[in-house]
Amino acid sequence: MNAEIRLDDVSKFYGEVMGVNGITATLEPGVTGLVGPNGAGKSTLMSLIAGLVRPSRGRIDVLGRSAEHPRLFAGDVGYCAQYDAFPPGISARQFMAGSLRLYGYTAREAEEGATIALERVGLGDAADRRIDVYSKGMRQALKVARAIGHGPRVLLLDEPLNGLDPQARAEATALFRAFADDGAHVLISSHILHEVDAVSDRVVFLDGGYLVASGNVAEIRDEAPMDAALAADAAHGQTRPARVSIRCDRGAHVASRLFALDAATEVRLHDDGGGLSVRTSDADAFFLTLGQLVCSDGVRIEGVTPVDASVEAVYADLVSAPAPER
């Protein structure tokens, strides 16, 4: 069976409103992050891949199948919607068992599958409580259980970490990673970019309904146009400029010294006073100077993070570049 998700010139219009337009991409198994602000087209694209809506133009193949054959298609796809809607008055176990019966499970198989899925998302002890009294985080976890219960090969997650506490977020992320490591597709839509950064093998950047870029973050970053200030720095023939976040004990002192030694073109102190963000036109020279400051001035460095390699920085560069002709 084909292991890819393929989108060929896919567009979706709701009357005169554009959801997405002209999306062409091939997605391999693993974790793929759908990145973009609210209104970028993430949920529309997710719904198209899930077969919940039909494209206005173009074709979508999921593992070699299309939503035109729903009995085969649905068994391979698990979908966690951004918003929840549960039947009133039933428990999580009843909800899960009923959902699994729709996939052809026997009553016994459905009960066993419900127990396994609920335990995997941390709801084992609350399985027989009514969903009506669940917290937002518990309802979010139940949506994930519903998506994974039938063992899909494609897991579509629209804002799946909303409402989860830090521990639950970490556990959910580990669960998604385990699915991907077993050879499944895991598509995660989120506007919280550091969440995508932490788990994704590749990203699909969307803006205004259009595909901006897709692939490995590092490769996109190397090919992405720089913002105007960094491009001006690079024009002097120096190494690729960089943005760096430094956590240290004497941020103001480090800032003044970096300027005095001509190692930074822009510095911003962190709001909590525990560090600074630096823009430099020559990354190699900057890191050499920073090392010298640590030795000569006794600055205590807690951490140095290259910001340019993050999903957030790459997306900012992409959307700030001049729009291509369409």
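A brief report on the enclosed structure follows.

1. Some remarks on the overall build of the protein chain
And then number 1: The secondary structure content of the protein chain amounts to twelve helices and 13 strands.
And then number 2: Sorting the 326 residues of the protein chain into buried and exposed places 47% on the buried side.
And then number 3: Within the protein chain, residue pairs in contact and separated by at least 24 positions form 68% of the contacts whose partners lie at least 6 positions apart.
And then number 4: Taken as a whole, the protein chain presents about 16000 Å² of accessible surface, with 51% of it coming from carbon and sulfur.

2. Quick notes on the sheet that holds strand β1 (residues 5–14)
And then number 1: With respect to topology, three strands assemble into an open sheet ordered β2-β1-β4, the strand pairing being antiparallel. Single-partner strands in this sheet number two, and they are β2 (17–27) and β4 (57–62). Sheet twist, expressed as the mean angle between neighbouring strand axes with direction ignored, is 20 degrees.
And then number 2: The pairing of β1 with β4 spans five bridges and is classified as antiparallel.

3. A few points about the packing of helix α3 (residues 92–101) against helix α4 (residues 107–120)
And then number 1: Look at α3 against α4: their axes get within 8 Å of each other, and the N-to-C directions meet at 125 degrees. Overall, the two elements α3 and α4 adopt an arrangement that is oblique. Relative to α4, the crossing made by α3 is right-handed. Mapping the contact onto sequence places Ala92, Arg93, Met96, Ala97, Leu100 and Arg101 in α3 and Ala107, Ala110, Glu111, Gly113, Ala114, Thr115, Ala117 and Leu118 in α4.

4. Digging into the side chain of Thr280
And then number 1: Here Thr280 is to be found in strand β12 (residues 275–280).
And then number 2: What makes Thr280 buried here is its relative accessible area of 2%.
And then number 3: Of the polar contacts made by the side chain of Thr280, one reaches the backbone oxygen of Ala263; its length is 3.2 Å.
And then number 4: At 3.2 Å, the side chain of Thr280 forms a polar contact with the backbone nitrogen of Asp282.

5. Description of the packing of aromatic side chains
Each pair of aromatic rings is reported with the distance of its centres and the angle of its planes.
And then number 1: Inspection of every chain in the model, using the stated rule, returns two aromatic pairs.
And then number 2: Arranged with centres 5.1 Å apart and planes meeting at 85 degrees, the rings of Phe86 and Phe95 form a pair that is edge-to-face. Side by side, Phe86 and Phe95 carry an identical accessibility label, which is buried.
And then number 3: For the cation-ring pair, Lys12 lies above Tyr14, with the distance from its terminal atom to the ring centre recorded as 5.4 Å.

6. Side note on the pattern of salt bridges
Pairing between side chains becomes possible if they bear opposite charge and their charged atoms approach one another.
And then number 1: Applying the stated criterion across every chain, the model contains 14 salt bridges.
And then number 2: Its salt-bridge partner being Asp61, residue Arg59 comes within 3.0 Å of it at the nearest N-O pair.
And then number 3: You can call Arg59 partly exposed: its relative accessible area is 45%.
And then number 4: The closest approach of N and O atoms between Arg130 and Asp132, which form a salt bridge, is 2.6 Å.
And then number 5: A network of salt bridges, in which partner residues are shared, links Arg177, Asp181 and Asp201.

7. Remarks on a nonpolar patch on the surface
And then number 1: Side chains of Phe287, Val294, Ile301 and Val304 sit close together on the surface and give an oily, nonpolar patch of about 260 Å² of accessible area.
And then number 2: Sorting the residues of the nonpolar patch by element identifies α11 (283–297) and β13 (301–306) as the ones contributing at least two each.
And then number 3: By the secondary structure assignment, Ile301 is in strand β13.
And then number 4: Assessed through its relative accessible area of 32%, Ile301 is described here as partly exposed.

8. Brief notes about helix α6 (residues 166–181)
And then number 1: Under the 1.5 Å per step criterion, the end-to-end length of α6 is 22 Å for 16 residues, consistent within 8% with the ideal 22 Å.
And then number 2: All of the buried residues in α6 are Ala172, Leu175, Phe176, Phe179 and Ala180. Looking straight down α6, one finds that the buried residues subtend no more than 140 degrees of arc, so they occupy a single side. Those residues of α6 that are exposed and angled more than 90 degrees off the buried face are Pro166, Gln167 and Asp181.

9. Structural notes on the nonpolar core
Note that soluble globular proteins tend to have their nonpolar side chains buried in a common cluster.
And then number 1: With 38 residues, the main nonpolar core has Leu142, Phe176 and Val186 as its most contacted residues.
And then number 2: Elements with a contribution of two residues or more to this core: α3, α4, α5 (136–148), β6 (154–158), α6 and β7 (185–190).
And then number 3: Among the elements that take part in this core, α5 stands out by supplying seven residues, more than any other.
And then number 4: In this view, Val186 contacts Gly30, Val31, Thr32, Leu155, Leu157, Phe176, Phe179 and Ala180; residues no more than four positions away in its chain are not counted.
And then number 5: Ranked by size, the runner-up nonpolar core spans 25 residues in total, among them Leu7, Val20, Val62 and Val77.

10. Brief notes about the sheet that holds β7
And then number 1: Taken together, six strands build an open sheet; the order of strands is β5-β6-β7-β3-β8-β9 and the sheet is mixed. The sheet is open, and its two borders are formed by β5 (77–80) and β9 (210–215), each paired with just one other strand. With direction set aside, neighbouring strand axes in the sheet form an average angle of 15 degrees.
And then number 2: Here four bridges tie β5 to β6, and the two strands are oriented parallel to one another. Looking across to β6, one finds that Cys80 is bridged to Leu157.
And then number 3: Contacting β5 and β6, α5 crosses the sheet at an angle of about 170 degrees to β5.

Procedures and definitions
Residues numbered from 1 in each chain as written. Predicted model: local features only at pLDDT ≥ 70, side-chain atom pairs only at ≥ 80, totals over all residues. Heavy atoms only, no water. Helix = DSSP H or I, 4+ residues; strand = E, 2+ residues; numbered from the N terminus. Buried < 20%, exposed > 50% of the residue type's maximum accessible area, 1.4 Å probe, protein only. Contact = heavy atoms within 4.5 Å. Areas by Shrake-Rupley, 256 points an atom, 1.4 Å probe, with all protein chains shown as cover. Pairing = 2+ DSSP bridges. Axes fitted to C-alpha atoms, helices over the stretch in contact; angles between N-to-C directions. Parallel < 35°, antiparallel > 145°, perpendicular 65-115°, else oblique. Left-handed = near helix turned anticlockwise from the far one by under 90°. Polar contact = N/O pair within 3.5 Å; in protein donor to acceptor, adjacent residues only side chain to side chain. Phe/Tyr/Trp six-rings, centres within 6.5 Å; stacked < 30°, edge-to-face > 60°. Lys NZ or Arg CZ within 6 Å of the ring centre and 35° of its normal. Salt bridge = Lys/Arg side-chain N within 4 Å of Asp/Glu carboxyl O. Patch = residues over 30% accessible without salt bridge, like charges linked within 9 Å, V, L, I, M, F, W, Y side chains within 5 Å. Expected span 1.5 Å × (residues − 1). Arc of directions from axis to C-beta. Core = buried A, V, L, I, M, F, W, Y, C linked by side-chain atoms within 4.5 Å.

None of this, on its own, says anything about what the molecule does.
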